[in-house]
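# Descriptive structure summary
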Amino acid sequence: MNDNDIFYMDEYMKKHLAKMPEIQIDISGGKNMENNNYKEHVEAERYDLIDKIKRLKKFMKSKEANSLSIFEKDLLKSQLNTMKTYKHLLDARLDWM
């Protein structure tokens, strides 16, 4: 990754992520944060997501899930993988702060 890539990534994040209504995005790594509200929000979101991942895994092992169609099972697997990816992104964001 070169400086130009970082610039475009920075601009993309400012343009798209800053539109999130419930939080303000500080892409400086938290160095310019006046308070920890954003970090606390990300930590709370991460813990909530971990709980949802655990519940989804438990459901996927249940008899009810076993009776779902192959298509629905594939959707659940995709959902779980997406949730895990999102958790990794939150982990990275917290490490960066």
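Located above this text is the structure these notes cover.
It should be emphasised that the depicted structure is a prediction, and the values quoted were computed from it without experimental measurement. (Residues numbered from 1 in each chain as written. Predicted model: local features only at pLDDT ≥ 70, side-chain atom pairs only at ≥ 80, totals over all residues. Heavy atoms only, no water.)

### Here we look at the overall build of the chain
The helix and strand inventory of the chain stands at four helices and zero strands. What you see in the chain, going N to C, is helices and strands ordered as α-α-α-α. Looking at the chain residue by residue over its 97 residues, the buried ones come to 20%. For the chain, long-range pairs separated by at least 24 residues make up 57% of all intrachain contacts whose partners lie at least 6 apart in sequence. (Helix = DSSP H or I, 4+ residues; strand = E, 2+ residues; numbered from the N terminus. Buried < 20%, exposed > 50% of the residue type's maximum accessible area, 1.4 Å probe, protein only. Contact = heavy atoms within 4.5 Å.)

### Comments concerning the pattern of salt bridges
Tallied over the full model, the rule gives four salt bridges. Two residues, aspartate 91 and arginine 46, come together in a salt bridge whose shortest N-O distance is 2.3 Å. Of the two residues, aspartate 91 sits in helix H4 (residues 70-96) while arginine 46 sits in helix H2 (residues 37-60), which places them 45 residues apart along the sequence. Of the two residues, aspartate 91 and arginine 46, both sit in the buried class. With a shortest N-O distance of 2.6 Å, aspartate 91 and lysine 87 are connected by a salt bridge. With aspartate 91 and lysine 87 both in helix H4, this residue pair falls four residues apart, about one helical turn. By relative accessible area, aspartate 91 is classed as buried at 18%. (Salt bridge = Lys/Arg side-chain N within 4 Å of Asp/Glu carboxyl O.)

### Structural notes on the environment of lysine 57
Note on placement: lysine 57 falls in helix H2. With sequence-adjacent residues up to four places away left out, lysine 57 is seen in contact with Leu80 and Lys84.

### Topic: H4
The terminal C-alpha atoms of H4 lie 39 Å apart, and with 27 residues this matches the ideal 39 Å at 1.5 Å per residue to within 8%. Considering only its buried residues, H4 is in contact with H2. (Expected span 1.5 Å × (residues − 1).)

### As for the nonpolar core
One broad rule of soluble globular proteins: the nonpolar side chains tend to lie buried together. Judged by nonpolar contacts, Tyr38, Val42, Leu49, Ile53, Leu56, Leu76, Leu80, Met83, Leu90 and Leu94 together constitute the single largest core of 10 residues. Listing elements by their share of this core, those giving two or more residues are H2 and H4. In contact with leucine 56, not counting residues within four places along its chain, are Leu76, Gln79, Leu80 and Met83. (Core = buried A, V, L, I, M, F, W, Y, C linked by side-chain atoms within 4.5 Å.)

### Re H2
With 24 residues, H2 extends 34 Å between its outermost C-alpha atoms, agreeing within 8% with the 34 Å of an ideal straight helix rising 1.5 Å per residue. Looking only at H2, the buried set comprises Tyr38, Val42, Arg46, Leu49, Ile50, Ile53 and Leu56. Where the residues of H2 are buried, they touch H4.

### Remarks on the packing of H2 against H4
Running from N to C, H2 and H4 point in directions that differ by 155°, and their axes come no closer than 10 Å. Between H2 and H4, the angle falls in the class roughly antiparallel. Read as a crossing pair, H2 and H4 show a hand that is left-handed. When the residues that make up the contact of H2 with H4 are grouped by side-chain class, the tally is 14 nonpolar, one polar and 11 charged. (Axes fitted to C-alpha atoms, helices over the stretch in contact; angles between N-to-C directions. Parallel < 35°, antiparallel > 145°, perpendicular 65-115°, else oblique. Left-handed = near helix turned anticlockwise from the far one by under 90°. Nonpolar A, V, L, I, M, F, W, Y, C, P; charged D, E, K, R; others polar.)

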